[in-house]
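Here are the chains, one letter per residue:
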Amino acid sequence: MPQAKKIRPKSPAAPKSLHRPEYSAVLRALIEMREGADLLQAELGKRLGRSQSYVSMAERGNIRLDALQLHDWCTACGSSLVAFAKKLERQWAADMAQP
């Protein structure tokens, strides 16, 4: 006879990263990278083979970029994924140090 499943208490759901305060630093970093490369949203969109509205939606957090899209974004802005990640780590550390 099969054993009954153990009833385990459910853990509370982790907040989606989109709603975490750290995500605003990601969006700021995307905008700063584009502006640092002196690109308008339409220009970055063209480099990515996408529309200006795609860039705008990504920068507002309406769509999320996967790792490959983020890599393409960085490359189109003349940066690297490593540099982007290091910038985020510094920003998050600074944000956590603030009272």
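What you see is a predicted model, and the numbers here were worked out from it, not measured in a lab.

**Some points on the overall build of the protein**
Along its length, the protein carries five helices and zero strands. At 19 Å, the protein has a C-alpha radius of gyration far larger than the 13 Å of a compact globule built from 99 residues. Dimensions along the principal axes, computed over C-alpha positions, put the protein at roughly 65 × 40 × 20 Å. Counting across all 99 residues of the protein, residues that qualify as buried make up 25%. Within the protein, residue pairs in contact and separated by at least 24 positions form 59% of the contacts whose partners lie at least 6 positions apart. As displayed, the protein offers around 7,600 Å² of accessible surface, 57% of which is attributable to carbon and sulfur atoms. Side-chain charges of the protein comprise 16 positive and 10 negative groups, with the mean position of each set lying 12 Å from the other.

**With respect to the side chain of arginine 34**
When you line up the elements, arginine 34 lands in helix H1 (residues 22–36). Residue arginine 34 is classed as buried on the basis of its relative accessible area, which comes to 8%. Separated by 2.9 Å, the side chain of arginine 34 and the backbone oxygen of leucine 39 make a polar contact. Setting aside residues up to four positions removed in sequence, arginine 34 forms contacts with Leu39, Leu40, Gln41, Leu44, Val55, Glu59 and Cys77.

**Section: the environment of arginine 28**
Here arginine 28 shows up in helix H1. Taking the C-alpha atoms as reference, arginine 28 lies 9.6 Å from leucine 88; in sequence the two are 60 residues apart. With residues near it in sequence (within four places) discarded, arginine 28 still touches Gln91 and Asp95.

Cut-offs and rules
- Residues numbered from 1 in each chain as written.
- Predicted model: local features only at pLDDT ≥ 70, side-chain atom pairs only at ≥ 80, totals over all residues.
- Heavy atoms only, no water.
- Helix = DSSP H or I, 4+ residues; strand = E, 2+ residues; numbered from the N terminus.
- Rg over C-alpha atoms; globule rule 2.2 N^0.38 Å.
- Buried < 20%, exposed > 50% of the residue type's maximum accessible area, 1.4 Å probe, protein only.
- Contact = heavy atoms within 4.5 Å.
- Areas by Shrake-Rupley, 256 points an atom, 1.4 Å probe, with all protein chains shown as cover.
- Lys, Arg positive; Asp, Glu negative; His and termini not counted.
- Charge placed at Lys NZ, Arg CZ, Asp CG, Glu CD.
- Polar contact = N/O pair within 3.5 Å; in protein donor to acceptor, adjacent residues only side chain to side chain.

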